[in-house]
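Understanding the architecture of this molecule
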Amino acid sequence: IVRHHPDALDRLVSIRIIIGKTLLLFFGLLCGASIGREGPTVQIGASVMRLAGKVGRIGNESALLLAGGAAGVAAAFNTPLAGIVFAIEELGKSFEQRTSGTVIFTVMLAGIASLGLLGDYTYFGRNTTHIMGWQDAVAVLVCGIGGGLVGGGFSRALVFGTRRLGSVFNGALAKRPVMFAALCGLLVAIIGVSTGGTIFGTGYTEAKALLTGSGHIAHGYGPLKVLGTLLSCVSGIPGGIFAPSLAAGAGLGADMQILVPMVPVATMALLGMVGYFSGVVQSPLTSFVIVLEMTNDHDMVIPLMATSLLAYGVSKLICPRPLYHSLSQGFVRQERELRGETPKNG
């Protein structure tokens with residue numbers, strides 16, 4: 001969009017977006033939607049950096065947008081390394097040498113600001129899970145394959161829900177977007193009430209309970225969290241999928257422990273977290289680094305990396321195109337339709 005439709009940025013990164021995304025995210029979480037704050041923080045960060053670039057008359061707009069998005073991820077979870085890796089792996093497929101300094105410097109400032117406001121913390125606390133011997137391979141295979149299958153399925157369903165659902169029932173859903181959003185909200189509410197409210201919000205409490213063994217989470221939490229997140233996203237409410245995906249992955253891993261009962265639930269939750277998250281976003285390095293930074297569990301470096309890479313490969317079989325790339329094509333198509341470059345159903 002930056003290269004081909006620079007004026008379209010005013011609709012995607014602006015003061016209006018900063019205010020609107022912040023308010024809608026707040027009310028979405030308040031109402032119990034299964035969303036995270038990191039999606040909007042990426043767009044808000046990019047908007048802030050673009051405005052700063054205009055004030056400072058900095059011409060490299062692509063670098064500013066990239067740096068702002070990376071800073072949004074870093075500040076949301078206190079994971080500066082993950083912010084940099086996310087910028088390289090996902091936001092900037094053509095990462096340039098002259099861009100790297102801007103990204104790293106911006107992420108450093110975001111990290112300093114986060115430390116100043118919230119102090120030094122690890123998002124999920126410090127975990128000491130570990131597995132040894134042949135159990136490593138079995139747990140990695142189960143969580144890598146399972147996480148990749150479910151994560152790829154989620155991505156494919158989300159792309160269909162956001163880009164193709166309007167054509168179902170002769171376009172009835174597209175003609176009544178408010179009614180459709182209300183229906184999604186009702187379904188999320190029903191699932192939430194049936195689970196005692198555990199699928200509402202980011203899922204931070206439930207994921208931490210599974211990782212630390214500090215609380216009981218009922219079986220089936222993972223699949224229901226996946227469904228609640230899917231419904232929340234296709235409803236059109238702005239929100240991120242990072243945090244809900246991490247929680248859903250932890251739940252899926254805990255549920256898959258029945259296949260490898262010799263491995264502790266906390267260990268399976270950790271591997272399930274990275275496996276499902278990698279399957280959803282198809283960014284294996286980002287998935288591995290962000291989970292490692294969130295848990296500070298260095299004993300699990302190799303299993304986490306292996307699970308992330310395996311899940312990525314399995315997910316590609318289910319959803320060949322990465323989620324964010326597919327969703328971004330919707331914005332490009334809308335822009336072309338506004339310009340009359342392509343027919344609406346073309």
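Now for a quick tour of the structure. If you're wondering where the values come from, they're calculated on a predicted model, not measured in any experiment.

1. Considerations on unusual backbone geometry
Its identity as a non-glycine residue notwithstanding, Q282 has a phi of 55 degrees, on the positive side. Note that Q282 resides in the loop between α13 (265-281) and α14 (284-295). Residue class for Q282 comes out buried when judged on its relative accessible area of 5%.

2. Considerations on the environment of C184
By the secondary structure assignment, C184 is in helix α9 (residues 177-194). Residue class for C184 comes out buried when judged on its relative accessible area of 4%. Separated by 48 residues in sequence, C184 and S232 place their C-alpha atoms 6.7 Å apart. Apart from residues lying up to four places away in sequence, C184 is in contact with L231, V234 and S235.

3. Some thoughts on the packing of aromatic side chains
One pass over the structure, following the stated rule, counts 3 aromatic pairs. Measuring from centroid to centroid gives 5.4 Å for F26 and F27, while their planes differ by 70 degrees, and the two rings are edge-to-face. The exposure class assigned to F26 is partly exposed, which follows from its relative accessible area of 48%. Between F242 and F277, the ring centres sit 4.8 Å apart and the planes meet at 80 degrees, which makes this aromatic pair edge-to-face. Of this pair, F242 sits in helix α12 (residues 242-255) while F277 sits in helix α13; the two residues are 35 residues apart in sequence, bridging distant segments of the chain.

4. Thoughts on the nonpolar core
Within the largest apolar cluster, 60 residues are counted, with the highest numbers of intra-cluster contacts made by F242, M268, I290, V291 and L304. No other element matches the 10 residues that α13 contributes to this core. With residues up to four places along the chain from it excluded, the contact list for V291 reads L246, L270, M273, V274 and L304.

5. Let's talk about a nonpolar patch on the surface
Residues I15, I19, L23, F26, F27 and L30 make up a contiguous nonpolar surface patch of roughly 630 Å² in combined accessible area. Locating I19 in the fold gives a position in helix α2 (residues 15-30).

6. Some thoughts on helix α10 (residues 204-212)
When we look at burial in α10, the residues that qualify are E206, A207, A209, L210 and L211. On its buried face, α10 sits against α11 (221-234), α12, α13 and α14. Immediately beyond the C-terminal end of α10, within one or two residues, lies G213, with a positive phi of roughly 70 degrees.

Rules and cut-offs
Residues numbered from 1 in each chain as written. Predicted model: local features only at pLDDT ≥ 70, side-chain atom pairs only at ≥ 80, totals over all residues. Heavy atoms only, no water. Helix = DSSP H or I, 4+ residues; strand = E, 2+ residues; numbered from the N terminus. Buried < 20%, exposed > 50% of the residue type's maximum accessible area, 1.4 Å probe, protein only. Contact = heavy atoms within 4.5 Å. Phe/Tyr/Trp six-rings, centres within 6.5 Å; stacked < 30°, edge-to-face > 60°. Core = buried A, V, L, I, M, F, W, Y, C linked by side-chain atoms within 4.5 Å. Patch = residues over 30% accessible without salt bridge, like charges linked within 9 Å, V, L, I, M, F, W, Y side chains within 5 Å. Areas by Shrake-Rupley, 256 points an atom, 1.4 Å probe, with all protein chains shown as cover. Salt bridge = Lys/Arg side-chain N within 4 Å of Asp/Glu carboxyl O.

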